[in-house]
Amino acid sequence: MDAPSRFLSRPDFCPDCGSVLPRPGPPSALRCPRCSFRLPCSELQGRSVRSSLRMRDPGGGRGGPGPAPREGPTVDRACPRCSHQGLWFHTRQMRSADEGQTVFYTCPRCRFQEKEDS
């Protein structure tokens, strides 16, 4: 006789440790990647399995500079595209914490954007 589950959970979570179970696939049983729990795929027959993918905003989050600011602090620097004097700037930590921030410059006239790693 099996021991009672420690968690009251939905079928996509391990009832023993609470980890997310992998999606059903070719193997005949789902195995929890963290503990020894095993669920035969036959127990999932008749249940619908849904998954969704939510993409991050392309300008936000990790890896992207983000949207160009509409206004902000300015620096006395000429735009390389239109020669306008005075660019908006913002900084972002793009690499590990022990390295410098990346500075993004945006021209308020033509919206040209460039970056400088410090």
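Residues numbered from 1 in each chain as written. Predicted model: local features only at pLDDT ≥ 70, side-chain atom pairs only at ≥ 80, totals over all residues. Heavy atoms only, no water.

> Would you take a moment to explain the overall build of the protein for this structure?
Helices and strands together make up the secondary structure of the protein, namely 0 helices and 6 strands. Evaluated residue by residue, the protein yields a buried proportion of 22% over its 118 residues. Within the protein, contacts between residues at least 6 apart in sequence are counted, and of these 21% link residues at least 24 apart. Total accessible area on the protein stands at roughly 9,300 Å², and carbon and sulfur atoms take up 50% of it. (Helix = DSSP H or I, 4+ residues; strand = E, 2+ residues; numbered from the N terminus. Buried < 20%, exposed > 50% of the residue type's maximum accessible area, 1.4 Å probe, protein only. Contact = heavy atoms within 4.5 Å. Areas by Shrake-Rupley, 256 points an atom, 1.4 Å probe, with all protein chains shown as cover.)

> What's the story with the pattern of salt bridges in this structure? I'm lost.
It is possible for side chains bearing opposite charge to pair when their charged atoms get close. Scanning the model with the defined rule gives 3 salt bridges in all. Its salt-bridge partner being Arg 77, residue Glu 114 comes within 3.5 Å of it at the nearest N-O pair. Within this pair, whereas Glu 114 is found in strand S6 (residues 113–117), its partner Arg 77 is found in strand S3 (residues 74–78), the two being separated by 37 residues in sequence. Judged by its relative accessible area of 25%, Arg 77 is partly exposed. For Arg 95, the salt bridge is made with Glu 99, and the minimal N-O distance between the two is 3.5 Å. Overlapping salt bridges, with partners in common, bring together Arg 77, Glu 114 and Glu 116 in one network. (Salt bridge = Lys/Arg side-chain N within 4 Å of Asp/Glu carboxyl O.)

> Got a minute to help me understand the sheet that holds strand S4 (residues 85–92) in this structure?
Strand pairing in a sheet is mediated by backbone hydrogen bonds. Such pairs are either parallel or antiparallel. Here 4 strands make up an open sheet; going across it, the order is S3-S4-S5-S6 and the pairing antiparallel. What marks the edges here is a single partner per strand, and that holds for S3 and S6. Strand-to-strand twist across the sheet, computed as the mean angle between neighbouring axes with direction ignored, equals 40°. Bridge count for S4 against strand S5 (residues 102–106) is 5 bridges, and the pairing is antiparallel. What sits directly across from Thr 91, in S5, is Val 103. (Pairing = 2+ DSSP bridges. Axes fitted to C-alpha atoms, helices over the stretch in contact; angles between N-to-C directions.)

> Please clarify how the confidence of the model for the protein should be interpreted in this entry.
The predicted structure's coordinates, where accompanied by low pLDDT, should not be read in detail. For the protein, the average pLDDT comes to 76, and 68% of its residues sit at 70 or higher. No element of the protein has a lower mean pLDDT than strand S1 (residues 29–31), which averages 78, and none a higher one than S3, which averages 92. (pLDDT = per-residue confidence, 0-100.)

> Explain the side chain of Thr 102 to me, please; I cannot follow it from the model alone.
The topology assignment puts Thr 102 in strand S5. Its relative accessible area of 2% is what places Thr 102 among the buried residues. For Thr 102, the side chain forms a polar contact with the side chain of Asp 117, separated by 3.0 Å. Leaving out residues up to four positions away in the same chain, Thr 102 has contacts with His 90, Thr 91, Arg 92, Met 94, Lys 115, Glu 116 and Asp 117. (Polar contact = N/O pair within 3.5 Å; in protein donor to acceptor, adjacent residues only side chain to side chain.)

> Looking at this structure, how should I read the nonpolar core?
Generally speaking, a soluble globular protein has its nonpolar side chains buried in company with each other. Core analysis: the largest hydrophobic core is formed by 8 residues, namely Cys 14, Leu 21, Leu 30, Cys 32, Phe 37, Leu 39, Cys 41 and Leu 44. With 5 residues, the next largest nonpolar core counts Cys 79, Leu 87, Val 103 and Cys 107 among its residues. (Core = buried A, V, L, I, M, F, W, Y, C linked by side-chain atoms within 4.5 Å.)

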